Every structure is written in C-alpha cells, then in structure tokens.
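# Commentary on secondary and tertiary structure
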Amino acid sequence: MQPSLRHLPRALRTARQGPRAAAAAAQASLRQQPAPSRKLSTTSPAASSSVNETEISHFSALASSWWDPHGPSRPLHLMNPLRHDFIQSCLSSPPPSPSTTTTTTTTNPRYLDVGCGGGIFAESAARLATTHSVTAIDPSATILSVARAHARRDPSLTKNKLVYLNETIESLPLPLPDQDEQPGGFDIVSLFEVLEHVDYPSAFLERVGQFVRPGGWLVLSTIARTWTSWVTTNVVAEDILGVVPPGTHDWYKYINAGELREWFERKNDGGGGREGGRVWGVPRVMGVVFVPGLGWKEVRGSEKVGNYFLGVQRVA
Ligand SMILES: C[S@@+](CC[C@H](N)C(=O)[O-])C[C@H]1O[C@@H](n2cnc3c(N)ncnc32)[C@H](O)[C@@H]1O
C-alpha cells in the first residue's frame, strides 16, 4: 500500500523516478527545510483509539510472511537480540531513587507486548526461563492468527505463558491493584516499532504507561525524524533496496528521542506520581544502525540520526 504522496517530502516522491533524482532532491531539501515538529503534546485529544486503519491493513497484508526470516519482516527478526540486550541493560541499571529499590527487582517478569505483530519478540520473551508470562496484543486479527498458529508449534509456549489478545491498548482493561492493594501492572511493557504507526502518540503513550507497575519498565524502539532517517528508511530501505515494503513508513510520524525525553519529563511536572513525586525516571536511550550483512548494531549517538531504543522506569 502506498502512502498518500501529498504527505511525502518532494525528494521521496522524486525517489520513485530513480536514486539520482532522489539524491539531488534530498540535498536540495536538506539545504532548504528544517524537520517539522511531531505533535507530542501532553494535551492531545482524548482518543478512543490510536489505531490508523491504513496502517493495520498494511501490516495485515504482510501477515503470511511474518515468520519468513528473509521476508519483509527481516529487519524485525534481526533486531530481536538487541531488544533483549537492551531490556537487560535497563533492568540492571541503578534505581532512580532509594525508595524504588524494593519494587525494582523482578526475577520473574510479566511482559505486556503492545503491537506484537506475528510475535517475534513475544515468543522469544516467553521462551526465557525466567519469564512469568507474556500478554501480547495487536489490533490486527489477521496478524494474530499467524502469531497463534506459530506459537502452537511449540506447546511449551502456550501453556499459559504466552497469551495473544486481539485488543488495542485502549480496549485492554487497566490493571487492578494486587492483593496487598499495591498498584498492579506489568514489569515490562514493550512497544517495538509501533509508535511511528499510531495516531495520537501522546494519548497512546499516556495509556500505555498506565500498564507499567511502579518499578517496572516501558521499553520501546522507534525512529527519529531526521533527514537521514528519511533517506535511509523511506528512500533507501523502501524505494531503492526494497528491504521493507513501500508504504511501511510515514516520515512525518517519526518521533525524536529528545521529544520523548521531554514528554516524560513534562509528565513529572507537578509531581503526578503517588505521594506527589515523579512518575518516570530518566529515560535510557540506545541508538542502533542497520548494517547490511551484519544486522543491527549499537552505535553511540546514532539515536540523533535514525533508529533507537528508549527505556524508562516507572517510579510511582
Ligand atoms: C512494524 S510492526 C512491529 C511488530 C512487532 N512489535 C515487532 O517489532 O516484531 C507494527 C505493529 O504495530 C501494530 N499496530 C499498529 N497500530 C497500532 C496501535 N495503534 N496499537 C497497537 N498496535 C498497533 C501493527 O498491527 C503491527 O503489528
């Protein structure tokens, strides 16, 4: 599915006329236009759904090839080991304040994987011996049928450890307090390559955050909105190399790590947490680069250029 050309930068439209024309147009654009700001306000409209039907149709059409490691989802397969490394680095980082020490330690994490797709991360998380459970949700029933069929191949996964739900984060009931009346929630809420596909990212993040228990982590990966990412993800990956299908990315929906940092900081303003304290700790960010033939590699500072991971601990 093609994105509306109306929304695409001129050089991307030119890319369809060939790489040379695209490169020339990209250079001209670089000189002329600053990157516009993505609306990530704290006061976005109360959205009843973050789902964009065009996005869901696009991904549903890829469902049958989701588990082909050489198919359109290849970049997601190759990214998976780094997701686990990044989560481990978050879990082993020092607590943001002494008061959170007791809620930080999680020996048997409960995961919520939001926008799980065919289950590349959800399955791998459920296979970890330490994992208590994985709840994986996606708005596409078509993709979830592929995810469920794949998980059934491994009976150890479906013995209550991995559950797929055809839900959005808005339709999923909020976690209830535990038996000690402490706030409930998941130890790790993952949001891999989803944020750049949702409508109303601020309201979406606000809702996702409510599923993280105090001491738990929200871990996401997404793409910065820079001219480099526009050239690499839209022009090179989609139009020239064809690593991902055309129409997968809308550059205007990308969000910079700095914008997310500010968003979490603003959520702490006025002490929105329990007992008037902070809600979120200081986000950890890791920039990653796709190296053809080698896969994804961590490259310091590259979060300012393109793909990155961000993890943030809920402190209250
Ligand atoms: C690029 S895929 C990533 C899939 C999976 N997280 C992974 O990385 O392997 C994007 C996924 O986000 C889902 N998605 C799109 N909009 C969503 C929304 N508003 N809420 C939750 N998931 C959404 C799509 O159905 C699709 O499965």
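Everything numeric here is computed off the predicted structure, so don't read it as measured data. (Residues numbered from 1 in each chain as written. Predicted model: local features only at pLDDT ≥ 70, side-chain atom pairs only at ≥ 80, totals over all residues.)

### Overview of the overall build of the chain
Keep this limit in mind: Runs of E in the DSSP output that reach at least two residues are strands. Runs of H or I that reach at least four are helices, and both are numbered from the N terminus. Buried, partly exposed and exposed are defined by the number of other C-beta atoms within 10 Å of a residue's own C-beta, namely 20 or more, between the two limits, and 12 or fewer respectively, with C-beta atoms placed from the backbone. Once C-beta atoms have been placed from the backbone, residue pairs whose C-beta atoms lie within 7 Å are recorded as contacts.
The secondary structure content of the chain amounts to 11 helices and eight strands. For the chain, buried positions account for 38% of its 316 residues. Counting contacts in the chain only where the partners sit at least 6 residues apart, residues at least 24 apart contribute 70% of the total.

### Notes on the site of the ligand
Where we set the bar: Any residue qualifies as near a molecule or strand once its backbone-derived C-beta atom lies within 6 Å of it. Classes in brief: Ala, Val, Leu, Ile, Met, Phe, Trp, Tyr, Cys and Pro nonpolar; Asp, Glu, Lys and Arg charged; the others, Gly included, polar.
By nearness alone, 23 residues border the ligand, and Ser50, Gly115, Gly117, Phe192 and Glu193 come closest of all. At the level of secondary structure, the elements contributing two or more residues to the shell around the ligand comprise α3 (53-60) and α6 (120-127). Among the elements that make up the shell around the ligand, the one with the highest residue count is α3 (three residues). When the residues that make up the shell around the ligand are grouped by side-chain class, the tally is 14 nonpolar, six polar and three charged.

### Structural notes on the environment of Leu195
Examined against the element boundaries, Leu195 turns out to sit in the loop between β4 (186-192) and α9 (201-209). Exposure remark for Leu195: the 25 C-beta atoms within 10 Å place this residue in the buried category. Measuring from C-alpha to C-alpha, the distance between Leu195 and Lys253 comes to 8.2 Å, with 58 residues separating the pair along the chain. The contacts of Leu195, once residues within four sequence positions are left out, are Pro201, Leu220, Thr222 and Ile255.

### With respect to the sheet that holds strand β1 (residues 110-114)
The cut-off we apply is this: By this definition, two strands are paired if DSSP reports at least two bridges between them. Note on geometry: axes are C-alpha line fits, over the in-contact stretch for helices, and angles between N-to-C directions span 0 to 180 degrees.
Pairing is mixed across the open sheet formed by eight strands, whose spatial order is β3-β2-β1-β4-β5-β8-β6-β7. The open sheet has two free edges, formed respectively by β3 (162-165) and β7 (295-298), since each of these has just one partner strand. Strand after strand, the sheet turns through a mean of 20° between neighbouring axes, direction not considered. Taken together, the four bridges between strand β6 (residues 284-291) and β7 define a ladder with antiparallel strand orientation.

### Quick look at the UniProt feature "binding site: S-adenosyl-L-methionine" (unreviewed entry) in the chain
Cut-off, in case you're wondering: UniProt positions are given in the numbering used here, feature names are shortened, and annotations may be inferred rather than shown by experiment.
Sites flagged by UniProt as "binding site: S-adenosyl-L-methionine" (unreviewed entry) map to Arg83, Gly115, Asp138 and Phe192. Within the secondary structure, Gly115 is located in the loop between β1 and α6. Once residues within four sequence positions are removed from consideration, Gly115 is found in contact with Asp138, Leu191 and Val194. Here Phe192 is to be found in strand β4. Assessed through the 23 C-beta atoms surrounding it within 10 Å, Phe192 is described here as buried. Apart from the residues within four sequence positions on either side, Phe192 is in contact with Arg83, Phe121, Leu220 and Ser221.

### Description of the UniProt feature "binding site: Mg(2+)" (unreviewed entry) in the chain
When the UniProt feature table is mapped onto this chain, "binding site: Mg(2+)" (unreviewed entry) is found at Glu193, Glu196 and His197. You can see Glu193 is positioned in the loop between β4 and α9. Excluding its chain neighbours within four sequence positions, the residues that come into contact with Glu193 are Leu76, Ser221 and Thr222. Checked against the element boundaries, Glu196 lands in the loop between β4 and α9.

### Considering the environment of Ser302
With respect to the helices and strands, Ser302 occurs in the loop between β7 and β8 (307-313). Sequence spacing of Ser302 and Val285 is 17 residues, and the spatial spacing of their C-alpha atoms is 10.0 Å. Leave out the neighbours within four places in its chain, and Ser302 touches Gly287, Val288 and Val289.

### Let's talk about the packing of helix α4 (residues 74-91) against α6
Which entries qualify depends on this criterion: For classification purposes, angles smaller than 35 degrees are called roughly parallel, those larger than 145 roughly antiparallel, those between 65 and 115 roughly perpendicular, and all remaining angles oblique. Take the far helix as your reference; a near helix turned counterclockwise from it by less than a right angle gives a left-handed crossing, and one turned clockwise gives a right-handed crossing.
The N-to-C vectors of α4 and α6 enclose an angle of 40°; their axes lie 10 Å apart at closest approach. On the basis of the axis angle, α4 is oblique to α6. Viewed along their axes, α4 and α6 form a crossing whose handedness is right-handed. Contacts between α4 and α6 involve Leu76, His77, Asn80, Arg83 and His84 on the former and, on the latter, Ile120, Phe121 and Ser124. Looking at the contact of α4 with α6 residue by residue, the classes come out as three nonpolar, four polar and one charged.

### Section: helix α7 (residues 141-152)
Because each turn of an α-helix spans 3.6 residues, side chains separated by three or four positions in sequence point in the same direction. Spelled out, the test is: Given the number of residues in a helix, its expected span is that number minus one, multiplied by 1.5 Å.
Here α7 contains 12 residues, and its C-alpha end-to-end distance of 16 Å stays within 8% of the 16 Å for a straight helix at 1.5 Å per residue. Contact partners of the buried residues in α7: α3, α6, α8 (155-158) and β3.

### Here's the deal with the nonpolar core
Which entries qualify depends on this criterion: A set of buried Ala, Val, Leu, Ile, Met, Phe, Trp, Tyr and Cys residues, joined through C-beta atoms within 7 Å, is what we mean by a nonpolar core.
Core analysis: the biggest nonpolar cluster contains 65 residues, and Val114, Ala122, Val189, Leu191, Val208, Leu218 and Val219 have the highest contact counts within it. Here this core takes six residues from strand β5 (residues 212-223), the largest share from any one element. In this view, Val189 contacts Leu112, Val114, Val208, Phe211, Val212, Gly216 and Leu218; residues no more than four positions away in its chain are not counted.

### Digging into the confidence of the model for the chain
Low pLDDT marks stretches whose predicted atomic positions should not be read closely. Defined as follows: Along the chain, pLDDT gives the predictor's confidence residue by residue, from 0 to 100.
Summing up the model confidence of the chain, the mean pLDDT is 83 and the portion of residues at 70 or higher is 80%. Scored below 50 in pLDDT, residues 1-36 makes 41 contacts in the model with residues more than four places away or belonging to other chains.

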